[in-house]
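The lines below spell out each chain.
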Amino acid sequence: MALEIAGNIAVLGYGLAAIGPGVGVGLIFAAVINGTARQPEAQAKLQSIAWIGFGVTEVLAIIGIALAFVFKAS
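Keep in mind that this is a model prediction, so the values were computed, not measured.

**Section: the UniProt feature "transmembrane region" (unreviewed entry) in the chain**
The UniProt entry lists residues 12-37 and 49-71 under the feature "transmembrane region" (unreviewed entry), expressed in the numbering used here. Taken end to end, residues 12-37 comprises 96% helix and 0% strand; its first and last C-alpha atoms sit 38 Å apart. Secondary structure over residues 49-71 splits into 100% helix and 0% strand, and the C-alpha atoms at its two ends are 34 Å apart.

**So, the side chain of T57**
Mapping T57 onto the fold places it in helix α3 (residues 43-73). Residue class for T57 comes out buried when judged on its relative accessible area of 12%. Ignoring any residue separated from it by four or fewer positions in sequence, one finds T57 in contact with P21, G24, V25 and I28.

**Some words on helix α2 (residues 19-38)**
Its 20 residues place the ends of α2 29 Å apart at the C-alpha level, agreeing with the 28 Å of an ideal helix rising 1.5 Å per residue. Where α2 is concerned, the buried positions are P21, G24, V25, V32 and G35. Across the axial projection of α2, the buried residues extend over an arc of 100°, all falling on one side. What points out from α2, more than 90 degrees from its buried face, is the exposed set I19, L27, I33, A37 and R38.

**Comments concerning the environment of A31**
In this structure, A31 sits in helix α2. Put simply, A31 and L46 are 15 residues apart on the chain and 9.0 Å apart in space, counted from C-alpha to C-alpha.

**What about a nonpolar patch on the surface?**
Among the surface-exposed residues, L12, L16, I19, V23 and L27 lie close enough to one another that they form a single nonpolar patch of about 520 Å² accessible area. In terms of residue count, α2 provides more of the nonpolar patch than any other element does, three residues in total. Of note, L27 is situated in helix α2.

Thresholds, definitions, all that
Residues numbered from 1 in each chain as written. Predicted model: local features only at pLDDT ≥ 70, side-chain atom pairs only at ≥ 80, totals over all residues. Heavy atoms only, no water. UniProt positions renumbered as here; feature names shortened; annotations may be inferred. Helix = DSSP H or I, 4+ residues; strand = E, 2+ residues; numbered from the N terminus. Buried < 20%, exposed > 50% of the residue type's maximum accessible area, 1.4 Å probe, protein only. Contact = heavy atoms within 4.5 Å. Expected span 1.5 Å × (residues − 1). Arc of directions from axis to C-beta. Patch = residues over 30% accessible without salt bridge, like charges linked within 9 Å, V, L, I, M, F, W, Y side chains within 5 Å. Areas by Shrake-Rupley, 256 points an atom, 1.4 Å probe, with all protein chains shown as cover. Salt bridge = Lys/Arg side-chain N within 4 Å of Asp/Glu carboxyl O.

Right under this line is the structure:
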């Protein structure tokens, strides 16, 4: 019984941890849209920086799901 609860808590923890990267990605691309609207000639540079930020933010979500599986298994 205790292992089932611990596994469920790990999955719940990942669900809560996924909120952060979701908000982060939204903020990254909102800033790119805002910056492009203000200075259209900087669009290429802003977009490349945004994709790097997107990748770093998504790595946090991938680490979170990996840790959910680790804690669920133990």
